[in-house]
Amino acid sequence: MDCSEFSWKLKDHPKLPKGKTVGLIVLDGWGEANPDQYNCIHVAQTPAMDSLKQGAPDRWRLVRAHGKAVGLPTEDDMGNSEVGHNALGAGRIYVQGAKLVDLALASGKIFEGEGFKYIKESFKAGTLHLIGLLSDGGVHSRIDQLLLLLKGASEHGAKRIRVHILTDGRDVLDGSSIGFVETLEEELAHLREKGVDAQVASGGGRMYVTMDRYENDWDVVKRGWYAQVLGEAPYKFKNAVEAVKKLREETKANDQYLPPFVIVDENGKPVGPIEDGDAVVTFNFRADRMVMIAKVLEYEDFDKFDRVRFPKIRYAGMLQYDGELKLPSHYLVSPPDIERERMHKSRLSIAFDEYDWNPKSIQFGYFNPEMEEYVEIPSDSGITFNVKPNMKALEIAEKARDAILGGKFHQVRVNLPNSDMVGHTGDIEATIVACKAADDGVKMILDAIEQVGGIYVVTADHGNAEDMVKRDKSGKPLLDKKGNIQILTSHTLQPVPIAIGGPGLVPGVRFCNDVPNGGLANVAATVMNLHGFAAPSDYEPTLIEVNDN
Ligand SMILES: O=C(O)[C@H](O)COP(=O)(O)O
Ligand SMILES: [Mn+2]
Ligand SMILES: [Mn+2]
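Residues numbered from 1 in each chain as written. Chains lettered and ligands numbered in written order. Predicted model: local features only at pLDDT ≥ 70, side-chain atom pairs only at ≥ 80, totals over all residues. Heavy atoms only, no water.

As recorded by an unreviewed UniProt entry, the protein carries the name phosphoglycerate mutase (2,3-diphosphoglycerate-independent) and is attributed to Actinidia rufa. Recorded in UniProt for the protein, the comment headed Sequence similarities (unreviewed entry) runs: "Belongs to the BPG-independent phosphoglycerate mutase family." Comment text from UniProt for the protein, heading Cofactor (unreviewed entry), reads "Mn(2+)". (UniProt positions renumbered as here; feature names shortened; annotations may be inferred.)

Shown next as structure tokens:
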């Protein structure tokens, strides 16, 4: 784009007025699916969301929130917060991290880039360590990418490789980690046949080891540091398959929460602590749960916990995880270059500290600090969210309500996390409570919009709570070997609702019929219209039209 021609200024919408307060609610993990007992949104009392659906048929519709509509490689890829919020904020479909890594691996360019050249310098004298989430979930990482990376690294000179695994059970079925470790072990055995000294060195469950986010709990990262770098953990095993099987049995922990372990040799010595001169790659492409470990691995000055030993390593991320902090400074694949959202309106964003549209899930930061404010409501830490499924929905809704009534902002947007965070625990009863809590929050915010004569937009970033069971192709719940239903802790491929309304909405506004495959990326243009602006021409088209009759 020629910068001299570019202007952030948006054109006026030909028909829609400016000056209305727009309340934008993103329900986290709230999709639309068949109504049955495993659809927690259906089972829960959700009068506010029900009334939006039943109230005005041309102001409620579904939009796509998975697969190619949000820049993911295939239609089998479920949506997630990062890609969903990116699409919502960017108004266009950008190829996301998963696909960028696929392309770089397929073309081999990943091994020619600056990041790989940098770590390669350690291959002669040092060990290559790969740390990341071991599953095929495709949200944070993918095992097939790890296997290609292992193969490519060994072909490019890595002679000693150690893998530090984080078991999933959140984006994939609980218990599936055993199979993923077996697959990894097979590949490591192949490498060993070819003369590469390759082994798993440590591990632990993703929610308990390493993959914390937004500095919620540094102990999570510290446990990982001890296992991966210092070679110290409460559990020691000779091999990783045995480790995962035994820990699941003995501690009754699920894959997400397995305690940290290290692999030791016949003499009880850890096989792969990270030492001076080694190379380290964190192979997750998604950023949010990698920023903290990137800081620990990269920052000279660090005071969140005592690292005991800070090895001199060459470290690269799969992607750069934080564009503002330029963290890590070396990376194998460039992240999506998402243009900043264009919105010249004052706004308040309120989020539970797990997510937000902006700035954390994407690398935007403040557009204009004088016109924006971000509010974070701290989450409960140290518990799984099924214990307190109401979470902070009430506090979030009250903040949003007060901001709307206060009249300082043109736009107040809010993320209600309950259905997603509790849905990930796989606890169906608790998820039903969570959906009701989110709906209560919606009601409070819609009431405030009503009072100020504003406009609301209610949507979601991806599905989760609307389907809590793994199904066969015909939609029938799948049973495990013991005859129990297989609980689905992950997101889904389902579309999500979007509803508009409020006293400030011009009566003729409705969803148009000519965007039948509309997705989350179409929401930005829609919201711009509701603020009285036309969207830029390169945006995905608006979902609304104004009927003058
Ligand atoms: O990181 C997580 O919690 C899950 O892998 C995905 O959930 P999210 O995309 O809603 O964050
Ligand atoms: Mn989400
Ligand atoms: Mn989620």
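Following the structure, the description resumes.
**Observations regarding unusual backbone geometry**
The linkage connecting Leu327 with the following residue, Pro328, adopts the cis geometry, with an omega of -10°. The residue Pro328 is located in the loop between strand E9 (314-319) and strand E10 (331-333) in this model. In this structure, Thr210 takes a positive phi of about 75° despite not being glycine. The topology assignment puts Thr210 in the loop between strand E5 (197-205) and helix H8 (218-230). For Thr210, a relative accessible area of 1% translates into the label buried. (Helix = DSSP H or I, 4+ residues; strand = E, 2+ residues; numbered from the N terminus. Buried < 20%, exposed > 50% of the residue type's maximum accessible area, 1.4 Å probe, protein only.)

**Some points on the pairing of strand E13 (residues 411-416)**
Across the six residues that make up E13, a large majority, six, are buried. Side chains of E13 alternate between two faces, with Gln411, Arg413 and Asn415 and Val412, Val414 and Leu416 buried alike. Pairing of strand E1 (residues 22-27) with E13 involves six bridges; the strand directions are parallel. Considered in E13, the bridge of Leu24 is made with Arg413. (Pairing = 2+ DSSP bridges.)

**Comments concerning the coordination of the manganese ion (ligand 2)**
For the manganese ion (ligand 2), the full set of protein donor atoms is Asp28 (OD), Ser81 (OG), Asp461 (OD) and His462 (NE2), and the range of their distances to it is 2.0 to 2.2 Å. For the pair the manganese ion (ligand 2) and the manganese ion (ligand 3), the metal-to-metal distance amounts to 4.6 Å. With Ser81 in helix H3 (residues 81-90) and Asp461 in the loop between strand E14 (455-460) and strand E15 (496-501), the pair connects residues that are 380 residues apart, well separated along the chain. Taken as a pair, Ser81 and Asp461 share a single burial class, namely buried. (Donors = N, O, S within 2.8 Å, 3.2 Å for Na, K, Ca; no water.)

**Some points on the domain arrangement of the protein**
Once the domains are mapped, the protein shows domain 1 (25-95 + 339-546) and domain 2 (98-333). Using C-alpha coordinates to define each centre, domain 1 is positioned 32 Å away from domain 2. Taken residue by residue, the interface counts 26 residues in domain 1 and 25 residues in domain 2. Contact between domain 1 and domain 2 buries roughly 2,100 Å² in total, counting both sides, with carbon and sulfur atoms accounting for 51%. Put simply, domain 1 and domain 2 have zero salt bridges between them. Counting across the interface, domain 1 meets domain 2 through seven residue pairs in polar contact (both at pLDDT 80 or more). (Domains from an automatic or database assignment. Contact = heavy atoms within 4.5 Å. Buried area = accessible area lost by both parts, 1.4 Å probe. Salt bridge = Lys/Arg side-chain N within 4 Å of Asp/Glu carboxyl O. Polar contact = N/O pair within 3.5 Å; in protein donor to acceptor, adjacent residues only side chain to side chain.)

**Quick notes on the coordination of the manganese ion (ligand 3)**
Each protein donor to the manganese ion (ligand 3) is listed here as Asp420 (OD), Asp420 (OD), His424 (NE2) and His491 (NE2); together their distances run 2.1 to 2.5 Å. In this structure, the manganese ion (ligand 3) is coordinated by six donor atoms arranged in irregular fashion, with angles at the metal of 55 to 168°. Each donor residue of the manganese ion (ligand 3) belongs to the same chain, and together they define the spacing D-x3-H-x66-H. The buried category is assigned to His424, whose relative accessible area is 3%. For His491, a relative accessible area of 5% corresponds to the buried category. (Tetrahedral: all angles 85-135°; square planar, octahedral: opposite > 155°, others 65-115°.)

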